[in-house]
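# Coordinate inspection notes
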Amino acid sequence: SGVGGLRDVAVTVPLAVEPGDTVILRCTYDLEGDPLYTVKWYKGRQEFFRYVPKELPHTRVFPLPGVNVDISASGAHQVVLRSVQMDLAGKYRCEVSADAPSFHTYVVSSHMHVVCEFPPPPLINTDLYCDLNCLRIRVVGRLVSMVAT
């Protein structure tokens with residue numbers, strides 16, 4: 001969907017990432033021949049990255065606690081975040097604007113969750129014996145076998 005010359009605007013944000021991950025947020029669009037004016041990225045209501053092809057440098061990063069933008073890997077269609085931490089979970093928006101004469105603007109958004117993966121239970125490589133109701137329990141790895149004695 002889109003407005004005027006700007007159409008098919010879509011955002012791709014990973015649904016869930018782990019702390020420390022590098023994350024690529026993508027924004028795709030079809031300008032239908034119109035020149036690009038800006039692409040802006042927001043976390044919540046705060047802008048943290050802007051791409052303006054008519055300015056030098058083309059990219060600009062706005063300070064936001066915890067946001068570490070890889071400027072060399074970010075541009076008109078993506079922004080790369082390094083070493084994502086828990087507080088970066090939330091809503092991300094991409095705002096695309098065409099240049100004159102239309103200046104049409106379209107905003108799309110998606111949520112990203114930052115989750116910790118629980119470590120697997122430790123491997124136990126020992127025989128454990130238990131005298132409860134005459135059962136012998138053997139634990140090897142994560143498997144438990146019980147043998148009546």
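Above this text you will find the structure in question.
First, a word on what this report is: a plain description of the structure on this page. (Residues numbered from 1 in each chain as written. Predicted model: local features only at pLDDT ≥ 70, side-chain atom pairs only at ≥ 80, totals over all residues. Heavy atoms only, no water.)

### Overview of the overall build of the chain
Along the backbone of the chain there are zero helices and 12 strands. Going residue by residue from the N terminus, the α and β elements of the chain occur as β-β-β-β-β-β-β-β-β-β-β-β. The buried share among the 149 residues of the chain stands at 32%. Sequence-distant contacts, at least 24 apart, represent 49% of the contacts inside the chain between residues at least 6 apart. As presented, the chain carries roughly 9,200 Å² of accessible surface, and 56% of it is formed by carbon and sulfur atoms. (Helix = DSSP H or I, 4+ residues; strand = E, 2+ residues; numbered from the N terminus. Buried < 20%, exposed > 50% of the residue type's maximum accessible area, 1.4 Å probe, protein only. Contact = heavy atoms within 4.5 Å. Areas by Shrake-Rupley, 256 points an atom, 1.4 Å probe, with all protein chains shown as cover.)

### So, the pairing of strand 5 (residues 46–51)
Pairing of strand 4 (residues 36–43) with strand 5 involves five bridges; the strand directions are antiparallel. Looking at the pairing, W41 lines up with F49 of strand 5. Linking two consecutive strands that pair antiparallel, namely strand 4 and strand 5, is a turn of two residues; a positive phi of about 65 degrees is found at G44 within it. In this sheet, strand 6 (residues 59–61) lies alongside strand 5 in antiparallel orientation, the contact comprising three bridges. (Pairing = 2+ DSSP bridges.)

### Remarks on the pairing of strand 9 (residues 105–114)
Sheet topology note: the strand 2 (residues 16–17)/strand 9 ladder contains two bridges and is parallel. Its bridge partner being in strand 9, V17 is matched across the sheet by V114. Relative to strand 9, strand 8 (residues 90–98) runs antiparallel, the two sharing eight bridges. Looking across to strand 9, one finds that R93 is bridged to S109. Hairpin connection of strand 8 to strand 9: six residues between the antiparallel strands, including F103 at a positive phi of 55 degrees.

### Here we look at the side chain of T38
For T38, the location among the structural elements is in strand 4. Excluding residues within four positions of it along the chain, T38 makes contact with Y51, V52, E95, V96 and S97.

### Here's the deal with the state of the cysteines
Inspection of every chain in the model, using the stated rule, returns one disulfide. Here C27 pairs with C94 through a disulfide, and the sulfurs are 2.0 Å apart. Taking the sign of the S-S torsion, about -90 degrees here, the bridge from C27 to C94 comes out left-handed. Here C27, found in strand 3 (residues 23–30), pairs with C94, found in strand 8; they are 67 residues apart in sequence, far enough to count as distant. (Disulfide = S-S within 2.5 Å.)

### Notes on the sheet that holds strand 7 (residues 78–81)
Pairing is antiparallel across the open sheet formed by three strands, whose spatial order is 1-3-7. Edge positions in the sheet fall to strand 1 (7–12) and strand 7, since each has one partner strand and no second. The sheet shows a mean angle of 5 degrees between the axes of neighbouring strands, direction not considered. Looking at chain direction, strand 3 and strand 7 are connected through four bridges and run antiparallel. For L25, the partnering residue across the bridge sits in strand 7 and is V79. (Axes fitted to C-alpha atoms, helices over the stretch in contact; angles between N-to-C directions.)

### Let's talk about the environment of G33
Along the chain, the position of G33 falls in the loop between strand 3 and strand 4. The exposed category is assigned to G33, whose relative accessible area is 76%. Each C-alpha atom of the pair G33 and L6 lies 8.9 Å from the other, and the pair is 27 residues apart in sequence.

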